[in-house]
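# Summary of structural features
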Amino acid sequence: MSDERNPEFLSPEVLDANLRIGPPAQSAGGAGAVKVGLTSSVKQMGLARAVSALLDVNQRKGFDCPGCAWPDPDDRRAVAEFCENGAKAIAEEGTLKRITPEFFAARSINELSRESDFWLSQQGRLTHPMYLPSGATHYQPISWHEAFKKISGKLKSLASPNEAVFYTSGRTSNEAAFLYQLFVRLFGTNNLPDCSNMCHESSGQAMISTVGTSKGSVSLKDFDFADCIVVIGQNPGTNHPRMLRTLQTAARRGCKIISINPLAETGLKRFQNPQEISGFIGSGTPLATHHLPVKINGDVALLKGIQKAILEQPVPPINSDFIAQYTAGFDAFRANLQDASWIEIVESSGISEQDIREVAQVIAQSKAMICCWAMGLTQHQNAVGNIQEIINLLLLGGHFGRRGAGACPVRGHSNVQGDRTMGIWERPSLEFLRRLGTEFHFTPPHEHGHNTVEAIEAMNAGTIKVFFALGGNFLSAAPDTAFTAQGLNRCEMTVQVSTKLNRSHLITGAEALILPCLGRTELDVQASGEQFVCVENSMGVVHSSQGRLDPASPDLMSEPAIVVALAQATVGVDWSDFVSNYDSIRDRIAKVIPGFENLNSRVREPNGFELPHPVRDSLEFRTPSKKACFTIHAIPHLNVGPDQFVMTTIRSHDQYNTTIYGLDDRYRGIHQGRRVVLMNTQDMAAQKLSAGDAVDIVSHHLGKQRRAKNFRVVAYEIPRGCCASYFPETNVLVPIDSIADLSHTPTSKSLIVSMEKVAIVG
Ligand SMILES: Nc1nc2c(c(=O)[nH]1)N[C@H]1C(S)=C(S)[C@@H](COP(=O)(O)OP(=O)(O)OC[C@H]3O[C@@H](n4cnc5c(=O)[nH]c(N)nc54)[C@H](O)[C@@H]3O)O[C@H]1N2
Ligand SMILES: Nc1nc2c(c(=O)[nH]1)N[C@H]1C(S)=C(S)[C@@H](COP(=O)(O)OP(=O)(O)OC[C@H]3O[C@@H](n4cnc5c(=O)[nH]c(N)nc54)[C@H](O)[C@@H]3O)O[C@H]1N2
Ligand SMILES: [Mo]
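Definitions and limits used
- Residues numbered from 1 in each chain as written.
- Chains lettered and ligands numbered in written order.
- Predicted model: local features only at pLDDT ≥ 70, side-chain atom pairs only at ≥ 80, totals over all residues.
- Heavy atoms only, no water.
- Helix = DSSP H or I, 4+ residues; strand = E, 2+ residues; numbered from the N terminus.
- Rg over C-alpha atoms; globule rule 2.2 N^0.38 Å.
- Buried < 20%, exposed > 50% of the residue type's maximum accessible area, 1.4 Å probe, protein only.
- Areas by Shrake-Rupley, 256 points an atom, 1.4 Å probe, with all protein chains shown as cover.
- Lys, Arg positive; Asp, Glu negative; His and termini not counted.
- Charge placed at Lys NZ, Arg CZ, Asp CG, Glu CD.
- Pairing = 2+ DSSP bridges.
- Salt bridge = Lys/Arg side-chain N within 4 Å of Asp/Glu carboxyl O.
- Polar contact = N/O pair within 3.5 Å; in protein donor to acceptor, adjacent residues only side chain to side chain.
- Contact = heavy atoms within 4.5 Å.
- Arc of directions from axis to C-beta.
- Axes fitted to C-alpha atoms, helices over the stretch in contact; angles between N-to-C directions.
- Parallel < 35°, antiparallel > 145°, perpendicular 65-115°, else oblique.
- Left-handed = near helix turned anticlockwise from the far one by under 90°.
- Near = heavy atom within 4 Å.
- Nonpolar A, V, L, I, M, F, W, Y, C, P; charged D, E, K, R; others polar.
- Core = buried A, V, L, I, M, F, W, Y, C linked by side-chain atoms within 4.5 Å.
- Domains from an automatic or database assignment.
- Buried area = accessible area lost by both parts, 1.4 Å probe.

## Things to note about the overall build of the protein chain
When helices and strands are counted, the protein chain shows 30 helices and 33 strands. Radius of gyration (C-alpha) of the protein chain: 25 Å, near the 27 Å computed for a compact globule of 762 residues. With respect to the principal axes defined by its C-alpha atoms, the protein chain has extents near 75 × 65 × 55 Å. Per-residue burial over the protein chain gives 64% buried out of 762 residues. Accessible area of the protein chain: about 26,600 Å², with a carbon and sulfur share of 53%. Separation between the mean location of the 72 positive side-chain charges and that of the 77 negative ones in the protein chain comes to 2 Å.

## A short note on the pairing of strand E32 (residues 722–726)
Counting buried positions along E32 gives 5 out of 5 residues, so the element sits mostly inside the fold. The pairing of strand E25 (residues 645–650) with E32 spans 5 bridges and is classified as parallel. Within E32, the residue paired with Thr-649 across the bridge is Ser-725. Both strand E29 (residues 676–679) and E32 contribute to a ladder of 3 bridges, which runs antiparallel. Note on E32: the bridge partner recorded for Val-677 is Ser-725.

## Considerations on the sheet that holds strand E10 (residues 270–272)
The sheet built from 3 strands is open, its strands ordered E2-E10-E11 with mixed pairing. In this open sheet, the two edge strands, each paired with only one partner strand, are strand E2 (28–29) and strand E11 (285–286). Where E10 meets E11, 2 bridges bridge the pair, whose relative direction is antiparallel. Within E11, the residue paired with Arg-270 across the bridge is Pro-286.

## Considering the side chain of Asp-222
Residue placement: Asp-222 occurs in the loop between helix H9 (201–211) and strand E8 (228–232). Buried charged residue Asp-222 carries no salt bridge. Nearest counter-charge: Lys-221, at 5.9 Å. A polar contact of 2.9 Å, which involves the side chain of Asp-222, links it to the backbone nitrogen of Gly-404. Contacts of Asp-222, omitting those with residues within four sequence positions, involve Ser-217, Ile-370, Arg-402, Arg-403, Gly-404 and Ala-405.

## Observations concerning the pattern of salt bridges
Opposite charge on two side chains allows them to pair when their charged atoms are near. Scanning the model with the defined rule gives 41 salt bridges in all. Two residues, Asp-194 and Arg-420, come together in a salt bridge whose shortest N-O distance is 3.1 Å. Taken together, the residues span a long stretch of sequence, with Asp-194 in the loop between helix H8 (174–187) and H9 and Arg-420 in helix H20 (residues 416–421) at a distance of 226 residues. Judged by its relative accessible area of 2%, Asp-194 is buried. Linked by salt bridges that have partners in common, Asp-194, Glu-201, Arg-420, Glu-426 and Arg-427 make up one network.

## Section: the side chain of Asn-191
Here Asn-191 is to be found in the loop between H8 and H9. Within polar-contact distance, the side chain of Asn-191 engages the backbone oxygen of Asn-162 at 3.1 Å. There is a polar contact of 3.0 Å between the side chain of Asn-191 and the backbone oxygen of Ala-164.

## What to know about helix H3 (residues 84–94)
Across the 11 residues that make up H3, a large majority, 11, are buried. Listed as buried for H3 are Glu-84, Asn-85, Gly-86, Ala-87, Lys-88, Ala-89, Ile-90, Ala-91, Glu-92, Glu-93 and Gly-94. Buried positions along H3 lie against helix H1 (30–45), helix H2 (47–56), helix H6 (117–121), strand E4 (125–126), helix H10 (236–239) and strand E27 (659–660).

## Comments concerning helix H24 (residues 481–490)
Because the α-helix completes a turn every 3.6 residues, residues three or four places apart line up on one side. Those residues of H24 that sit buried are Thr-481, Thr-484, Ala-485, Gly-487 and Leu-488. Here the buried residues of H24 occupy an arc of 160° about the axis, which is enough to place them on one side. In the core, the buried residues of H24 are packed alongside helix H22 (452–461), strand E16 (466–470), helix H23 (474–477) and strand E17 (493–498).

## Focus: the packing of helix H13 (residues 299–311) against helix H17 (residues 353–365)
Between H13 and H17, whose axes approach to 8 Å, the crossing angle comes to 65°. Between H13 and H17, the crossing angle belongs to the class labelled roughly perpendicular. In this structure, the crossing between H13 and H17 has a hand that is right-handed. Packed against H13, whose contacting residues are Leu-302, Gly-305, Ile-306, Ala-309 and Ile-310, the element H17 presents Ile-356, Arg-357, Val-359, Ala-360, Ile-363 and Ala-364 at the interface.

## Some remarks on the site of ligand 2
Taken together, 30 residues lie around ligand 2, and Tyr-167, Ser-169, Glu-559, Thr-658 and Asn-731 are the ones closest in. Within the side chain of Ser-169, a nitrogen or oxygen atom sits 2.7 Å from an oxygen atom of ligand 2. A distance of 3.2 Å separates a nitrogen atom of ligand 2 from a polar side-chain atom of Thr-499. Starting from 920 Å² of accessible surface for ligand 2 in isolation, the protein chains cover 96%. Residue composition of the shell around ligand 2, grouped by class: 10 nonpolar, 15 polar and 5 charged.

## Points about the site of ligand 1
Taken together, the neighbourhood of ligand 1 is formed by 32 residues, with Asn-261, Glu-265, Asp-299, Gln-655 and Asn-657 sitting nearest. His-380 is positioned such that a nitrogen or oxygen atom in its side chain is 3.2 Å from an oxygen atom of ligand 1. A distance of 2.7 Å separates a nitrogen atom of ligand 1 from a polar backbone atom of Gln-655. In the complex, the protein chains occlude 99% of the 910 Å² of accessible area that ligand 1 would expose alone.

## Concerning the packing of H22 against H24
Two elements in contact, H22 and H24, have axes separated by 7 Å at closest approach and are oriented at 55°. Classified by the interaxial angle, the pair formed by H22 and H24 is oblique. Considering only the axes of H22 and H24, their crossing is left-handed. The residues of H24 that touch H22, namely those facing Ile-456, Glu-457, Met-459 and Asn-460, are Phe-483, Thr-484, Gln-486, Gly-487, Leu-488 and Arg-490. Broken down by class, the residue content of the contact of H22 with H24 amounts to 4 nonpolar, 4 polar and 2 charged.

## Examining the environment of Pro-286
Mapped onto the elements of the fold, Pro-286 is located in strand E11. For the pair formed by Pro-286 and Gln-272, sequence separation is 14 residues and the distance between their alpha carbons is 9.1 Å. In contact with Pro-286, other than residues within four places in its own chain, are Ala-251, Lys-269 and Arg-270.

## Structural notes on the nonpolar core
The biggest cluster of nonpolar side chains holds 61 residues, and the ones touching the most others in it are Phe-166, Phe-178, Phe-183 and Leu-515. Sorting elements by how many residues they give to this core places H8 first, with 8 residues. In contact with Phe-183, other than residues within four places in its own chain, are Leu-155, Phe-166, Val-563, Leu-566, Ala-567, Thr-570, Val-571 and Trp-575. Grouped together as the second largest cluster of nonpolar side chains are 54 residues, Val-294, Val-300, Ile-310 and Val-615 included.

## Description of the domain arrangement of the protein chain
In many reports, interface size means the accessible area that the parts give up when they come together. When its domains are assigned, the protein chain resolves into domain 1 (12–17 + 639–757), domain 2 (95–197 + 415–592) and domain 3 (201–409). Across the boundary between the two partners, domain 1 contributes 21 residues, which contact 24 residues of domain 2. Taking both partners together, domain 1 and domain 2 bury about 1,700 Å²; carbon and sulfur atoms supply 56% of that area. Broken down residue by residue, the surface that domain 1 buries against domain 2 is led by Pro-12, Thr-658 and Ile-736, which jointly contribute 34%. Where domain 1 touches domain 2, the interface holds 1 salt bridge. Linking domain 1 with domain 2 are 13 residue pairs in polar contact (both at pLDDT 80 or more), by the criterion used here.

So, in structure tokens, the structure goes:
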């Protein structure tokens with residue numbers, strides 16, 4: 001065997017031998033969800049640990065589910081406030097399997113790199129700090145003290161603090177995130193890219209310039225008062241299953257639910273609530289009253305069509321008083337829509353004029369509308385435009401500052417919103433830096449840092465020497481896997497603070513370290529006793545989270561303790577008080593971050609507290625004009641050649657981002673395989689492809705081709721010219737230089753691809 005380092009960095013690109021395709025499921029939830037959720041918990045954790053963990057999740061004194069950022073109800077928490085996929089996320093962390101130093105002694109990096117992401121995810125919890133010396137083929141154990149000495153030594157040796165990059169994934173608590181960004185700025189850089197750069201960055205950009213805030217304007221209770229809910233570019237059945245209960249309650253009241261998605265996702269068709277008896281035996285509650293199978297990236301055209309249809313009515317059913325008092329730019333916006341062509345709208349959206357008019361009628365009649373969206377809108381070149389068209393639609397009806405109405409970007413990672421609030425951002429505001437500097441008596445760097453894509457480019461250019469990650473799986477989550485791998489390889493040192501093994505531990509700089517940490521579900525005991533942390537959900541509610549399970553290993557450190565040790569070794573601060581009692585971190589957060597006053601007492605309230613929101617609370621739009629702004633966006637046209645398709649990269653039901661729980665995508669009827677491409681049957685016929693055929697997917701961008709090998713073709717209900725495949729297997733196809741305007745988010749939902757048929761061997 002070759003002992004060369006990092007020779008085979010991409011997942012094994014082999015066909016799935018046992019792939020089975022059935023019809024998509026007709027309803028989500030039900031007994032199946034409970035069975036799968038409980039089975040995976042018990043299998044990973046054993047019965048006692050599983051019961052203890054599942055009874056504690058999302059309870060007032062329990063831990064926040066590491067699954068997603070959907071809020072918990074204040075007054076209606078079920079005994080088990082979790083969902084199938086939350087249970088899988090907990091099982092993944094609470095597993096009894098362990099990765100010990102012996103595991104690494106027995107396997108070289110090269111050998112590990114040949115295993116699939118699923119295999120890597122299934123090996124259990126990391127138990128000991130590990131070190132990969134320059135040129136070595138195996139990780140070896142290292143003491144925490146030595147680990148921090150190596151990292152701080154390397155950081156201090158850099159010619160400039162800007163030669164280091166500090167990534168964050170959105171599971172990190174507010175306490176850890178606050179200390180981390182403070183340490184990084186004391187060290188002297190704003191190089192703080194995060195998973196948000198690949199996720200909802202476009203939402204923040206779109207909203208800050210139009211409504212003056214980057215956060216969603218609805219609370220969970222608003223869903224009880226909405227008469228119309230639009231779910232666009234989001235698959236809640238898989239990624240935010242607890243949202244289905246909210247939708248079910250709304251549907252039962254007669255609220256209209258409009259789904260806009262190239263795929264008719266099962267989770268939006270019908271829902272069998274597993275918390276109800278009827279959820280086990282009935283056929284479930286129908287959810288979406290309307291479904292528009294928009295073409296991939298046809299959303300600007302569709303939303304413009306809906307707006308045009310509303311404005312074309314003899315007396316347009318719009319909220320003229322609201323528009324006059326609170327908005328700017330309406331006349332230009334209306335003129336632009338008058339000029340828009342129905343032919344172009346229908347062609348680009350793939351939806352007929354009649355269907356658009358019908359949905360426009362429902363929206364126009366709504367007195368309280370909520371629009372929810374996620375990655376289906378944020379990962380396109382014109383992503384900011386997509387979201388601003390949603391804002392336009394909401395403004396037309398005056399759906400801000402009103403009960404039951406507003407904008408609802410549904411966040412992904414459970415604390416991604418909180419991490420931003422704590423200052424994890426490569427472009428911090430001057431006001432934030434001023435407050436931070438005043439509280440901690442230093443001058444923070446003002447120069448903007450690298451976002452995720454810029455960080456990868458800088459690593460490749462050789463200007464970044466150290467890559468440090470607080471959580472996540474940068475290599476697999478980032479675009480252009482081969483290019484990202486090359487960038488990481490060029491670093492002098494890469495460090496991962498992690499709970500589980502992933503590919504970022506295998507594709508490394510010359511030296512690499514793994515620092516294993518406590519997870520959400522685990523007891524965190526420090527000098528003053530048991531600690532809790534706090535998080536902010538997708539709707540701006542801050543609440544506590546406290547794990548109770550025994551830690552996976554006595555050698556784990558908490559994330560706040562890791563950040564403190566690193567800061568003490570690198571910038572010479574004495575932060576021991578911060579570790580012994582996390583209240584002392586929260587006291588400082590309260591002084592720096594507006595809205596967090598008296599954090600320590602308010603976070604101890606049973607349901608936490610809601611952060612102030614200028615639009616929701618007082619219709620205050622903090623834009624330069626003090627008005628909410630209508631914006632104008634041309635209908636985008638992707639450059640799709642003959643025999644080419646637009647491809648979107650999506651999540652299956654059995655994964656959490658790059659962590660693969662299993663090989664099934666139950667609701668879509670795909671079993672025992674992930675290397676699949678979902679295609680329209682007419683497109684398949686035109687390409688002379690049959691279901692089950694093997695293809696390489698080739699992406700095309702600015703004359704450069706990228707290839708992902710060995711996918712099976714699956715016939716699926718998807719608009720013509722469109723296809724879909726799973727992330728992260730297809731990240732190798734995402735061009736590093738194809739990013740969204742303004743937000744710089746990789747365009748992983750609109751890749752231009754072609755299929756090359758390959759012979760099936762064996
Ligand atoms: N179980 C589980 N839960 C998760 C995650 C997970 O991986 N697993 N990930 C978490 C994270 S970090 C995030 S960000 C969220 C992600 O949550 P989602 O955004 O729901 O995740 P995706 O699978 O990326 O789904 C995008 C949806 O958009 C649709 N879509 C794709 N392209 C387009 C388009 O051009 N237009 C429209 N209108 N729709 C489109 C797809 O068909 C799909 O239904 O979930 C969070 N929760
Ligand atoms: N093609 C394509 N690419 C995408 C996307 C897409 O839709 N399509 N989605 C993008 C999105 S929305 C996101 S958010 C990113 C996700 O990017 P990341 O957040 O970087 O990736 P994850 O897969 O969530 O990270 C999983 C790893 O986190 C570690 N981990 C889990 N829990 C903890 C913890 O409590 N503490 C610490 N320190 N580590 C922990 C484990 O070691 C695990 O292996 O991917 C992006 N990439
Ligand atoms: Mo995300």
